[in-house]
Amino acid sequence: MAKISKNTYFGVGVSIPVIIAVVGCSNDLLGVLLIDYEVNPSDPKVLPGFDDADYFIKYGYGEIKDLVKQMISLLTAMLIFSVTFSEKIINFNQASIYSKLLLIISWAMMILALVFSGIGLSFNALAYPTALVDSWIVQTKRQPVSHEFYEPVMQGLFIIVISGVCFILSLIYLVGAGALSMMEEKTKSV
């Protein structure tokens, strides 16, 4: 039976974030895969009621903001925890370069998730005043609105999903670094 080397596992592990970064930069491809934010919001079959700025102001804005604030808190706590106890996760003096790199990739993915969460929160904040204007136009002038708030909301949600994926990958790499370090210590002691 063929034995798979550490270099193969490490190469696959390092290539996953690179693939996500490349795919993440391609809005068209990820938009097709995850969220199609080019949908006409006035079509009630697609998202009933979401075209109404009042619904976004009352429900959507606050929920998205709370979600991202909780994600940022969790990401910050996990990053600080993993940096503080990094010596317990892997023994830096005895760990291989692979364990160290997996841990560093985990930290980089957490920082990337924090950045994406902040960007998603910014898009949500940009959509709020536009939704207020749309709501004011509907209430005072009784005119149809342009739904300009819809696109930043969907782009923000799209970026928040990418942030969640980066966070999950960072946890996988963190566990992988610890497991690899444990396996290395066991093979050294045997």
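None of the values given here were measured: they were computed from a predicted structure.

Caption draft 1: Just the overall build of the chain, in detail. For the chain, the count of helices and strands is six helices and zero strands. Reading the chain from its N terminus to its C terminus gives the helix and strand order α-α-α-α-α-α. The 190 residues of the chain split such that 34% are buried. Taking the contacts inside the chain whose residues are at least 6 apart along the sequence as the reference set, 82% of them involve residues at least 24 apart. Carbon together with sulfur atoms contributes 68% to the accessible area of the chain, which is approximately 11500 Å² in total.

Caption draft 2: Focus on the nonpolar core. Judged by nonpolar contacts, the single largest core of 22 residues is most densely connected at I90, L103, M109 and Y173. Among the elements of the structure, α3 (53–84), α5 (97–141) and α6 (150–189) are those that each provide at least two residues to this core. Looking at this core, the element that brings in the most residues is α6, giving ten residues. For L103, the contacting residues outside a window of four places in its chain are S86, I89, I90, F92, L174 and A177. Of all hydrophobic cores here, the second largest spans twelve residues; its members include A53, V68, A131 and V153.

Caption draft 3: Up close: α5. Between its first and last C-alpha, α5 extends 65 Å over 45 residues, near the 66 Å set by a 1.5 Å rise per residue. Residue R142 follows α5 closely and has a positive phi angle near 55 degrees.

Caption draft 4: Seen up close, a nonpolar patch on the surface. Taken together, I97, L101 and I104 make up a surface patch of nonpolar side chains, about 260 Å² in accessible area. Locating I97 in the fold gives a position in helix α5. Residue class for I97 comes out exposed when judged on its relative accessible area of 53%.

Cut-offs used in this document
- Throughout this document, residue positions are counted from 1 along each chain, in the order its sequence is written.
- Only residues with pLDDT of at least 70 get local features here, since the model is predicted, and only at 80 or more are side-chain atom pairs given and counted; chain-wide, interface and lining totals rely on the full set of residues.
- Hydrogens and water molecules were not included; the side-chain quantities draw on all heavy atoms of the structure.
- Going along the chain from the N terminus, every DSSP run of H or I of four or more residues is numbered as a helix, and every run of E of two or more is numbered as a strand.
- Only protein chains enter the area calculation, which uses a 1.4 Å probe; residues under 20% of their type maximum are buried, those over 50% are exposed, and those in between are partly exposed.
- Contacts are residue-level and defined by heavy atoms, with any inter-residue pair within 4.5 Å sufficient.
- Computed by Shrake-Rupley with a 1.4 Å probe, the accessible areas treat only the displayed protein chains as cover when residues are assessed.
- For our purposes a nonpolar core is just a set of buried Ala, Val, Leu, Ile, Met, Phe, Trp, Tyr and Cys residues, chained together by side-chain atoms within 4.5 Å.
- One fewer than the residue count of a helix, multiplied by 1.5 Å, yields its expected span.
- Think of a patch as exposed residues, more than 30% relative accessible area, with no salt bridge, where like charges cluster within 9 Å and nonpolar side chains (Val, Leu, Ile, Met, Phe, Trp, Tyr) cluster within 5 Å.
- By definition here, a salt bridge exists when the distance from a side-chain nitrogen of Lys or Arg to a carboxyl oxygen of Asp or Glu is within 4 Å.

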